[in-house]
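Listed below, chain by chain, are the residues.
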Amino acid sequence: MKFYFNELPVQKKFYENSSDWVRVLEPDFNIQLRWGMVIGFTIGFIVLLAFTHFYKAELRAARVTPVQVGLLVFGFFAVNFIHEIIHLVLLPHWGFSEKSIMAFIPKQGVLFVAHLEGITRWNYLLALVGPLFFLSIVPLGICMYEPNKVVVILAVANLAASGGDMMRVWVIYNRVPKGALVRTYEQQTYHSTRYFLREDHL
């Protein structure tokens, strides 16, 4: 895995063989960021309202200690990083491949993960939904039985940050042919035109 700051790697080999790849019909990356925030915060707000409605007594009874407050503050900063790490480890070779990258673009205010070679459609989808499942769905499911204010807030914060991933899941699932390989190039998504795999391998 390689880390890039304020830049993206130049993929000359991909450029030379670009006829083998077709750009996926999707919104511009910045538009995905904006609409992802709207979708994520809307769903997060609804989930938070639902929890405060159905578990009001339990959440009010749960005392928040100074340690929990500290964890909450730290958690807000850490949740985005952990979110991207989960994306990373769900890539081929658990993210340790030299083709896996993490990049921070200050101008856009985003930290993101990508793989510089084609991966299966289902592997791509799995990497997209991983953070939402492990950092939001599982914790919120546990909190339905053991309500915890700090866990609920952090899980909802991750849910709000997952709006862009939800958009991309819809795009990849509906606009990438089954059996195709998927890759990212300069914040754009492409699927293969020639390198198709057997469906039962996906």
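Refer to the preceding data block for the structure.
Heads up: these notes are all about the structure in this document. Per chain, residue numbering runs from 1 following the sequence as it is written. Given that this is a predicted model, residues contribute local features only at a pLDDT of at least 70 and side-chain atom pairs are listed and counted only at 80 or more, while totals for whole chains, interfaces and linings are drawn from all residues. Each side-chain value is derived from all of the structure's non-hydrogen atoms; neither hydrogens nor water enter the calculation.

**Describing helix α7 (residues 163-175)**
Part 1: Helix numbering and strand numbering both begin at the N terminus, where a helix is a DSSP run of H or I of at least 4 residues and a strand a DSSP run of E of at least 2. For a helix, the expected span equals 1.5 Å multiplied by the number of residues minus one. In this model, α7 (13 residues) spans 18 Å end to end at C-alpha, consistent with the 18 Å of a helix rising 1.5 Å per residue.
Part 2: Residues Gly163, Asp165, Met167, Arg168, Val171 and Ile172 constitute the buried set of α7. Under the scheme applied here, a residue whose accessible area is under 20% of the maximum for its type counts as buried, over 50% as exposed, and between as partly exposed, the area being computed with a 1.4 Å probe on protein chains only.

**Describing the packing of helix α5 (residues 121-143) against helix α6 (residues 149-161)**
Part 1: Throughout, an axis means a line fitted to C-alpha atoms (over the contacting stretch in the case of helices), and angles, computed between N-to-C directions, take values from 0 to 180 degrees. Their axes nearest at 9 Å, the elements α5 and α6 cross at an angle of 150°. Crossing of α5 over α6 shows left-handed handedness. Contacts between α5 and α6 involve Pro131, Leu132, Leu135, Ser136, Pro139, Leu140 and Cys143 on the former and, on the latter, Val151, Val152, Ala155, Val156, Asn158 and Leu159.
Part 2: Note on residue classes: Ala, Val, Leu, Ile, Met, Phe, Trp, Tyr, Cys and Pro are nonpolar, Asp, Glu, Lys and Arg are charged, and everything else, Gly too, is polar. Of the residues belonging to the contact of α5 with α6, the class tally is 11 nonpolar, two polar and no charged. Put simply, a crossing is left-handed when the front helix is turned counterclockwise from the back one by less than a right angle, and right-handed when it is turned clockwise. Contacts are residue-level and defined by heavy atoms, with any inter-residue pair within 4.5 Å sufficient.

**Side note on the packing of helix α2 (residues 29-54) against α7**
For any two helices packed against each other, one specifies the inter-axial angle together with the distance between the axes.
Part 1: At a closest axis distance of 6 Å, the pairing of α2 and α7 adopts a crossing angle of 110°. What the angle tells us is that α2 and α7 run roughly perpendicular. Only Gly163, Gly164, Met166, Met167 and Arg168 of α7 make contact with α2, whose side of the interface consists of Gln32, Trp35, Gly36, Ile39, Gly40 and Ile43.
Part 2: For the contact of α2 with α7, the residue count by class is five nonpolar, five polar and one charged. By definition in this entry, angles of less than 35 degrees are roughly parallel, angles greater than 145 are roughly antiparallel, angles of 65 to 115 are roughly perpendicular, and the rest are oblique.

**A few points about the environment of His115**
Part 1: For His115, the position within the fold is in strand β4 (residues 110-115).
Part 2: Those residues in contact with His115, other than ones at most four positions away along the chain, are Leu91, Pro92, Ser97, Lys99, Ser100 and Thr184.
Part 3: Each polar contact in these results corresponds to two N or O atoms within 3.5 Å; when the atoms are within protein, one needs to be able to donate a hydrogen and the other to accept it, and residues that are neighboring in sequence are counted only if both atoms are side-chain atoms. Separated by 3.0 Å, the side chains of His115 and Ser100 make a polar contact.

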